Amino acid sequence: MTCVAAIELGGTRAAVAAGSGPDHHAAPIPVRTTAPEETLQALGDALAHLRSDGWDFERIGVASFGPVGVVPGRADWGRIGATPKPGWSHADIAGPLGARFGVPVVIDTDVNGAALGEGRWGAARGCDTHVYVTVGTGVGMGVVVDGRPMHGALHPEAGHLRVRRLADDAFPGRCPWHGDCLEGLICGPALAERIGGAADGLEDTHPVFGLAGAYLGEALAAVALTVSPQKIVVGGGVGRRPAVLSAARAAFGAALAGYIEPRAPDGSDLMVAPALGGHSGLFGAFALALDATEGLQSFA
């Protein structure tokens, strides 16, 4: 049985594991995402601990927050792109990990990874084309077509789609590039700014979650019209709230106005919660490493 290492690197926290997937893996080791050098040292120490415990991994799969260079052979491969996260722009993720352990590394976005994980083991099993969207510290979207994560000049960045504004919403948005793009309107920090404090402890009935779902459903209607996914999996700390998913389904249906009709009237057959819970990205990193036939760079 192939043993690989898996890293989910999120904007606020990370997790490290080793094994062969959900049915056989070491207990994930949590790591806080702080400054790049400190975080990479902690990720490497976690991998070293797993290796000393007998998890002799052959490859490392990394599902990272983005934007991140995913095109093999380019100078930005394995590096974070321009990001509002202090200190992380152009940070090299894959290089230090591969050099330390002398094994090949494959890297993709955390949302492409989560989409792969949900497609292989979770809510999108059996789908050729599916989407995973996360609403949390940021808003990101991973797209899988014919079982492979979508890449082009970079990777999907649908969290920065512009959406039609709700008539009574005067919030200017907080994206440093676009202001009121989807991420600027509904990411966790944007919701906190809207209500004057963290949204984590709020009841699901708070209207801010209905607002977040309304904007999300509007954006996902555009995605449905362009990508035509068989499943849309909605995750992330904000996205996993039932009120957000319910409002997103309603707004999705209203935006499409019957042009695309899900089998279930409420859209619950098309837009679903993650079956892997909060581990979609980590298990996606396993899938990246297990399935890697290209996009690998050897450091041996």
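The following refers to the structure shown. (Residues numbered from 1 in each chain as written. Predicted model: local features only at pLDDT ≥ 70, side-chain atom pairs only at ≥ 80, totals over all residues. Heavy atoms only, no water.)

On to the packing of helix 5 (residues 188–195) against helix 6 (residues 207–227). At a minimum axis separation of 11 Å, helix 5 and helix 6 run at an interaxial angle of 135°. Here helix 5 lies oblique to helix 6, going by the angle between them. In this structure, helix 5 meets helix 6 at a crossing whose hand is right-handed. In this structure, helix 5 uses Leu191, Arg194 and Ile195 to contact helix 6, whose residues at the interface are Val208, Phe209, Leu211, Ala212 and Tyr215. Within the contact of helix 5 with helix 6, the residues separate by chemical class into seven nonpolar, no polar and one charged. (Axes fitted to C-alpha atoms, helices over the stretch in contact; angles between N-to-C directions. Helix = DSSP H or I, 4+ residues; strand = E, 2+ residues; numbered from the N terminus. Parallel < 35°, antiparallel > 145°, perpendicular 65-115°, else oblique. Left-handed = near helix turned anticlockwise from the far one by under 90°. Contact = heavy atoms within 4.5 Å. Nonpolar A, V, L, I, M, F, W, Y, C, P; charged D, E, K, R; others polar.)

With that out of the way, let us pick up the sheet that holds strand 8 (residues 139–145). Pairing in this open sheet of five strands is mixed, and the strands run 9-8-7-10-11 from one edge to the other. Looking at which strands have only one partner, the edges of the open sheet turn out to be strand 9 (148–149) and strand 11 (271–272). Bridging between strand 10 (residues 231–235) and strand 11 involves two bridges; their strand directions are parallel. Bridge pairing links Ile232 to Met271 in strand 11. The strands that helix 6 touches are strand 7 (129–135), strand 8, strand 10 and strand 11; relative to strand 7, the one it contacts most, it runs at about 160°. (Pairing = 2+ DSSP bridges.)

Residue placement: Glu118 occurs in helix 3 (residues 110–121). No salt bridge is formed by the buried Glu118. Its closest oppositely charged neighbour is Arg125, at 7.5 Å. Setting aside its immediate chain neighbours within four residues, Glu118 contacts Ala123, Ala124, Arg125, Tyr132, Val233, Pro274, Ala275, Leu276, Gly277 and Ser280. (Buried < 20%, exposed > 50% of the residue type's maximum accessible area, 1.4 Å probe, protein only. Lys, Arg positive; Asp, Glu negative; His and termini not counted. Salt bridge = Lys/Arg side-chain N within 4 Å of Asp/Glu carboxyl O.)

Residues spaced three or four apart along an α-helix point in a common direction, a consequence of the helix completing one turn every 3.6 residues. Between the first and last C-alpha of helix 3 there are 16 Å, a value that for 12 residues agrees with the 16 Å anticipated at 1.5 Å per step. For helix 3, a buried count of nine out of 12 residues is recorded, marking the element as mostly surrounded by other parts of the structure. (Expected span 1.5 Å × (residues − 1).)

Taking burial as the measure, the six residues of strand 1 (residues 4–9) include five buried ones, the bulk of the element. Note: strand 1 against strand 2 (residues 13–21), six bridges, orientation antiparallel. Note that in strand 2 the partner of Glu8 across the bridge is Ala15. Hairpin connection between strand 1 and strand 2: a loop of three residues separates the two successive antiparallel strands. In this sheet, strand 5 (residues 60–64) lies alongside strand 1 in parallel orientation, the contact comprising five bridges.

This part takes up the nonpolar core. Membership of the largest hydrophobic core comes to 38 residues, with the highest contact counts inside it found for Ile186, Leu216, Leu220 and Phe252. Of all the elements in the fold, those that place two or more residues in this core are strand 7, strand 8, helix 4 (182–186), helix 5, helix 6, strand 10 and helix 7 (242–256). Per element, the largest residue contribution to this core is 11 residues, and it comes from helix 6. Aside from chain neighbours lying at most four places away, what touches Leu216 is Val133, Val135, Leu182, Ile186, Val234, Val244 and Ala248. Residues Val62, Trp77, Ile80 and Ala94 belong to the second largest nonpolar core, which totals 32 residues. (Core = buried A, V, L, I, M, F, W, Y, C linked by side-chain atoms within 4.5 Å.)

A few words now on the pairing of strand 6 (residues 105–109). Of all five residues in strand 6, five are buried; the element is thus mostly enclosed. Examined bridge by bridge, strand 5 and strand 6 share five bridges and lie parallel to one another. Each residue of the ladder has a partner; that of Ser64, found in strand 6, is Thr109.

For the rest of this paragraph, the subject is a nonpolar patch on the surface. Taken together, the side chains of Leu225, Tyr259 and Ile260 define a hydrophobic patch exposed on the protein surface, amounting to about 340 Å² of accessible area. Within the element layout of this structure, Ile260 appears in the loop between helix 7 and strand 11. Relative accessible area serves as the criterion here: at 30%, Ile260 is assigned to the partly exposed category. (Patch = residues over 30% accessible without salt bridge, like charges linked within 9 Å, V, L, I, M, F, W, Y side chains within 5 Å. Areas by Shrake-Rupley, 256 points an atom, 1.4 Å probe, with all protein chains shown as cover.)

What follows concerns the packing of helix 6 against helix 7. When two helices pack together, their arrangement is given by the angle between the helix axes and by the axis-to-axis distance. At a minimum axis distance of 6 Å, the contact between helix 6 and helix 7 shows a crossing angle of 45°. Looking at the two axes, helix 6 sits oblique to helix 7. Like other packed secondary-structure pairs, helix 6 and helix 7 cross with a definite hand, here right-handed. Residues Phe209, Gly210, Gly213, Ala214, Leu216, Gly217, Glu218, Leu220, Ala221, Ala224 and Leu225 of helix 6 form the contact with helix 7, whose participating residues are Ala243, Val244, Ala247, Ala248, Ala251, Phe252, Ala255 and Leu256.

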